[in-house]
Structure formats: structure tokens, C-alpha cells
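# Observations on chain architecture
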Amino acid sequence: MAPRTTTPQDHNAGRQVEYDPTFQGPLKNRSCTDVICLFLFIVFIACWIGVGLFVFTNGNKDILLLPVDSNNSRCGYDPHVAEKKKLFFFDITKCLSPAVPFTGCPTNQICVEECPKDTFLWNKNSELNYMKLKCVQGIQPKNNEEGDDFVNKGLCARYHLKSNDLLNRCIPDVTDDFSQITNQIKDLTKDNVETSVKNIELLQNMEQVGHDIIKDIVESWREILGGIGIAIVACLIYMLMLRWIAGPVVWISIVATIAGLAACVYFTVTYYIYYKDHPKEEANANTIFQQYVRKKGFWLTLLIISSVALLIDVLMVIFLRKRIFIAIAIIGEASKAVSSTLMSFVFPIFPWIFQMAIIAFTLVVALYITTISSPQYEVKNFDKSNCNGDYEDGDSCDMNSFKKVRINNCKATCEFVGMGLSSLRTPLHVFNGFAFFWSIFFISAFGQMVQAGIFATWYWTRDKSDVPFWSVTKSVARTLRYHIGTLAFGSLILAICRMIRVALEYIDHKLKKYDNPFTKAILCCMKCFFWCLERFLKFLNKNAYIMCAIHGKNFCTSAKDAFSLIIRNILRFHVLDKVTDFVLFMSKLIITAGVAAIVWSFVTYVSERQLKYILVPVIFVAIVTYLVTSFFFNVYSMAVDTLFLCFLEDNERNDGSAHRPYYMSKNLRAILGKKNKTS
């Protein structure tokens, strides 16, 4: 091994990577890293599978769509309401908010045997009026005085309207005349009742909306498949063009994006002015989609968003145009690296399939967890002189064990009082959520390390024609054999941070009703801090995986080496990294917008299919197109990050002399002002 030569310039520049003439990219001789985390991850996944088997055995998917009252009793299913299959709303005027289809109606809801067949208003002076009251479970007034007390306490409904049955929900009949009670109930007007009924119907018709959307997707499957095919072809053509004419392609994409945002500003202004001048259009809406689209506030929001995005894009192009030229050059180099190993485009399909499977498993487990219930029993009429055991009235009890306390004249009973939330439900949801985050981050980390190994091999191969044909397979095998523990370690840190953020959101939601400014400020600061922390950890993990793929060290050492290398080149790295991300994002937007425009034009002017929502296939294709472009361009993004980190290490490890030549390509050396000396 040749001795390392150190120059005064090396010390002045703070170089910490030593020259090693035997170094030729990712090390072949390495050892397993972070083994303890690997075992912990395996045990955790085994427990998650066990949780899934447990909830599949003890849950019941058939009760998911049953109406649920305010006490979480499932109408027509739970024993104490088995004969009460309908859901009744105490005060229909509480359902006026447009958020009701998403949040539910904020009024008492009870299970009843049948919906009201007439209109009723409580009057304590009317004889036997108490018998018509609709009251919560376990409450039944015996006279008008008791009924009046229950009404004032909110335990019985003050009024009810003649109602129809809609999916086992009692919905007021708006054709009925209830004008005789409108003056005595606040906000009870025909318009308000119609609005409330519409909101409840929208809430219950979400299933129908979903059915219509699915039907539109099925009906327009040819257009959707054609749009997806166009998206894939457009991505392939776009990347082929990046390989040879990266500069013009990127600049055309940027200009097209700016033009598209300008068009968005124009159209949003036009629609905002129209709906501002025609406020009655909203009242004629027939669907929940039309209700929101016909509001001037909706178009004002889109106008603000598109205007801000347009301003940001224009400013970035003006002030970062020189950096954009460098970013284009790096993207060109990444194109060469990607095209040299075309299997790098195929490999991300497998992590993506695993992620979809994890998402599906998590959702199914979460749904089954919500169906786990435990019967609640309480002690009634307990008399210590005649009964065994240390019980008090109202204590929880078990039907089987309680039989032993009944002796002599003991009249105590263990009565069923309802189906409460299972004590296991909350911890199981927490466990399922944490397992989801850990496994998703783990799969993402696996894909990043494998791709880092592929592109690092390309960079550190001096003669690019010698790049191994099986570099993808070798990188996968190397990662699976040595570094699964490192991936588990890095993804565990991210999962913990994400769970803290979820917990903060939950606490914030629970504390909103107290309206405490100090608490709000503290929670806002904490949420901001952990959001920034997660962003930083993702950035650190990604670069740690790159260093681990190259040098084979554990997570902490790789993270320290990557962070130190970036800090020594912080300005160059940060600016070029963000500019490159901006350029790739613009490219994704232009492809997505172009494909969506083609599908919209075809569905609107060419296709003869009768669709309920004409935008459904367009939005579906736009989402799939963005996912497809993200799928392809994420490979580019990883290639850019890996090559740039390799370049920084190459810049410190070598000096361009005959004994220590740079590994970077001639084009990249020319852009960054580097030269390899021939003698």
C-alpha cells in the first residue's frame, strides 16, 4: 500500500478522509452491523403478526357499518339494544354545520325500536305526555314531573319530528308540516331542518358516493389504463431525453410549470369572481362535491395557493439560475448512472409492493380492532347481610364468579349494562400504528441503501464499462446479509419520532375545547420542533445509509461520517441538493399535469360514457401519474444524492494528481473546476 501524502493545503482545508489506493467503491469484506436491533425488529414483527391473528379471531367485520349511539352501543347488535335497530337524533338543528358529513352530528343519539311517526313537542301540562318522550338508555320517566326533569337535564329529547328510515337512521320528513312547533324551538325552521337532513343524508350517503366513484372508475377503465400507459411512456421518454439533452428538457419543464401556475391563477380568479357574483349557485348543489366547488372561498383558497407557488417558482429561477445549471449537470450524470444499470428502475417495484401490503395489513388490523368489545356488568341490590363477597352497588362483576355470592335471601344481581370499549383497544391501536411506521420506514430504508450501493459502485468504477452487470443483485444481497440491523435502527428512530408527533396531535385535539392560549403555544412549539427533528432525521438517515452501503460501518458511525462530510461542505451540498429537488419536482408536475389534461380532454370531448363525476378518472389518473413519476424520479433523486456524497468524498480523498486521480467523470470535473493531472 502506498503511503498517504499530506500537504499543507490538506490541513488548511480540514480534510479527514485518508487516501487509500486500494479503495474502489463499496467494500466487499464487511461484517454484520447493529445485530441487536435486527433481533428486536424480528421479535416486534412476530408480535405484530400475533396481534393481527388475535384481532382477526376476536373481531367482527360485520358490525362496522351498524349505527352507533352516543354511548357506543351498536343498534340492533349489542344485547341491551338488540331490538332497537334505529338511530334517533335528539336535536336535528345541531346538524347544520357543513362539517357534519365528516365529523358526525354533535347531538345525543340513541337507539330506538322505530322512528317517530308524528311530530311531538314536550309540554309538561299535557296528560300522559311523558310516555311519548325519547330518552337515553336506562331512563324512563314515570310521570310528567319526572319527564320534565329529564328533558331539562338533556336525558330526553324535547321534541321529535315525523321521520323516515334511511339506512337505520331516523331522518325527519321535510314534507311534513311541523310549523306548530317552530316558534318554540330555537333554530327549528324548515330551511334549517332541510339543511340538517341534507347533511345527515350526506353523512350516510358517503358509502353511496364511494360506490359511484368506484362505478365511474370501472366504467372508465379504458381511459384510466390509457392514461397510466401514457404516464409510463412519458416518464421513459423524459428520462431518455435527460440522458442526452438534460438542459433543454429541464428548462422547458420549468417554464411549462410556471406557465401552468399562471393559468391556474387566471382560472381561479375567473371562478372566484363568478361565484362571488352568483351566490345562489351554492344552494343548487346536488352533491357534496358541488357544495364545496361552488363556494367562492374554495376558489379564493386555490387562488392564494397558486399565486404563492407561482411567486416562489419565479423567484427561485431568478436567483438560483446558476445553481440550476450545476443541478442539471448532476442530473445528467445521474442519468448515465441510472441508464448503466436499468434494473435500478425495476428494483423499486418490490419495496413498493411490500409497502402496499403493509398499508393493507395495517388498515385491516385497525378495522378489526375497532370491532373488539367487552360486555360490561354491574352489581345491583347488593346486601352484605345476605350475600357473600366484598361488593358495592355499581361495582363491576363477572356473571360466572358472581353466582357464588348469592346465598340465603340474597337478591343481588350482576346485570348487563352495555358494551363498553375493550380495555385492549387503545393499546392495540397504538401498537398497530407504531408497527406500521417502523415497517414502512424500514422498507423505505432498504430501498435507499440498495440504490445507494448500486450508484456508489458506478461512481467508484474508474472505467464505466467495467460496472458489474449484476450490481443490483449484489447490492441487495450485501444489504440483506450485513445491514438489516442498521436499517432497523434507523427506521426505529424515525418511528419513535413520528409516534411522538401523532401523540402531540392527539393531545392538541383533546385540549382544543379548553381554549388555553398558553397550552396552544406550547403544543405548537413542540409540534414544530418534532416536525423539524423528523425532517433532519430523514436527511441524516438517508446519507447514513449511503455511507453504510459504501464502507459497511454501523448506523452511528455511518451517520457521523456522513454528517461530518456534509458539514465540511455544507453550503455547496445544501444549495445543490435543494435546487436538484426543485428541478425534479418541476419535472414531476409537468408530466402529471400533461397526462391529466390529455385524459380530461378525452373524457370530456371524445368519450361517450355517462359518468356521475367526470373528474373521477382525471383525478385518479393524475394521482397514479404522480405516483409513477415519483417512482421513477425517486431513483434519480437517490442517484443524485449518492453521486454527490461520493463526489465530496472523492474530492477529499484525492487531489487529481497522477497518484491520486479523481473518480468523477470528465464532464463533472469540468463543471466543478477539477482536473486530473496526467503526470
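Residues numbered from 1 in each chain as written. Predicted model: local features only at pLDDT ≥ 70, side-chain atom pairs only at ≥ 80, totals over all residues. Heavy atoms only, no water.

In the nomenclature of an unreviewed UniProt entry, the protein corresponds to Choline transporter-like protein from the organism Nicrophorus vespilloides. On record in UniProt, under Sequence similarities (unreviewed entry), the comment for the protein is "Belongs to the CTL (choline transporter-like) family." In UniProt, the protein has this text filed under Function (unreviewed entry): "Choline transporter." (UniProt positions renumbered as here; feature names shortened; annotations may be inferred.)

On to the overall build of the protein. Check the secondary structure of the protein and you find 22 helices and eight strands. Across the 679 residues that make up the protein, the buried fraction comes to 44%. At a minimum sequence separation of 6, the contacts of the protein that also span at least 24 residues come to 71%. About 36,700 Å² of surface is accessible on the protein, with carbon and sulfur atoms providing 62% of the total. (Helix = DSSP H or I, 4+ residues; strand = E, 2+ residues; numbered from the N terminus. Buried < 20%, exposed > 50% of the residue type's maximum accessible area, 1.4 Å probe, protein only. Contact = heavy atoms within 4.5 Å. Areas by Shrake-Rupley, 256 points an atom, 1.4 Å probe, with all protein chains shown as cover.)

Another point: empty space enclosed by the protein. Counted according to the given criterion, the structure contains five cavities of 30 Å³ or more. In this model, the largest cavity occupies a volume close to 80 Å³. The wall of the largest cavity is formed by Phe88, Phe89, Phe90, Ile92, Tyr159, His160, Leu161, Ser163, Cys170 and Pro172. Of all the secondary-structure elements, those providing two or more residues to the lining of the largest cavity are strand E1 (86–89), strand E4 (159–160) and strand E6 (169–172). Residues belonging to the lining of the largest cavity are distributed by class as follows: eight nonpolar, two polar and no charged. (1 Å grid on protein atoms, 1.4 Å probe; cavity = no way out; pocket = protein on both sides within 12 Å on 5 of 7 lines; lining within 4 Å. Points joined across faces, edges and corners; volume = space filled by probe spheres on them. Nonpolar A, V, L, I, M, F, W, Y, C, P; charged D, E, K, R; others polar.)

Applying the stated criterion to the full structure yields 10 salt bridges. Two residues, Asp165 and Lys86, come together in a salt bridge whose shortest N-O distance is 2.6 Å. Here the residue Asp165 occupies a position in strand E5 (residues 163–166), and Lys86 occupies one in strand E1, the gap between them amounting to 79 residues. Judged by relative accessible area, Asp165 falls into the partly exposed class, the value being 42%. Assessed through its relative accessible area of 18%, Lys86 is described here as buried. A salt bridge links Glu534 to Arg501; the nearest nitrogen and oxygen atoms lie 3.0 Å apart. Separated by 33 residues along the polypeptide, Glu534 in helix H18 (residues 517–551) and Arg501 in helix H17 (residues 484–511) bring together distant segments of the chain. The network of salt bridges with common partners includes Arg498, Arg501, Glu534 and Lys538. (Salt bridge = Lys/Arg side-chain N within 4 Å of Asp/Glu carboxyl O.)

Our next topic: a nonpolar patch on the surface. Where nonpolar side chains cluster on the molecular surface, the patch consists of Trp600, Phe602, Tyr605, Val606, Ile614, Leu615, Ile619, Ile623 and Leu627 and spans about 860 Å² of accessible area. Elements with a minimum of two residues in the nonpolar patch: helix H20 (570–605) and helix H21 (615–653). Here the nonpolar patch gets four residues from one element, more than from any other, and that element is H21. Tracing the sequence through the fold places Phe602 in helix H20. A relative accessible area of 38% means that Phe602 is categorised as partly exposed. (Patch = residues over 30% accessible without salt bridge, like charges linked within 9 Å, V, L, I, M, F, W, Y side chains within 5 Å.)

This part takes up the side chain of Asn144. Inspection of the secondary structure assignment puts Asn144 in helix H4 (residues 144–152). With relative accessibility at 10%, the residue Asn144 sits in the buried group. Contact partners of Asn144, with chain neighbours within four places excluded, come to Trp122, Asn123, Lys124, Asn125, Ser126, Glu127, Leu128, Asn129 and Tyr130.

Running from N to C, helix H15 (residues 425–459) and H17 point in directions that differ by 135 degrees, and their axes come no closer than 8 Å. Regarding the angle of H15 to H17, the classification is oblique. Crossing handedness for the pair H15 and H17: right-handed. In this structure, H15 contributes Val430, Gly433, Phe434, Phe437, Trp438, Phe441, Phe442, Ala445, Phe446 and Met449 to the contact, and H17 contributes Ile484, Thr486, Leu487, Ala488, Ser491, Leu492, Leu494, Ala495, Ile496, Arg498, Met499 and Val502. Looking at the contact of H15 with H17, its residues break down into 18 nonpolar, three polar and one charged. (Axes fitted to C-alpha atoms, helices over the stretch in contact; angles between N-to-C directions. Parallel < 35°, antiparallel > 145°, perpendicular 65-115°, else oblique. Left-handed = near helix turned anticlockwise from the far one by under 90°.)

Quick look at the environment of Ala256 now. Looking at where Ala256 falls in the secondary structure, it is placed in helix H8 (residues 221–277). In this structure, the C-alpha to C-alpha distance between Ala256 and Met586, residues 330 residues apart in sequence, is 8.9 Å.

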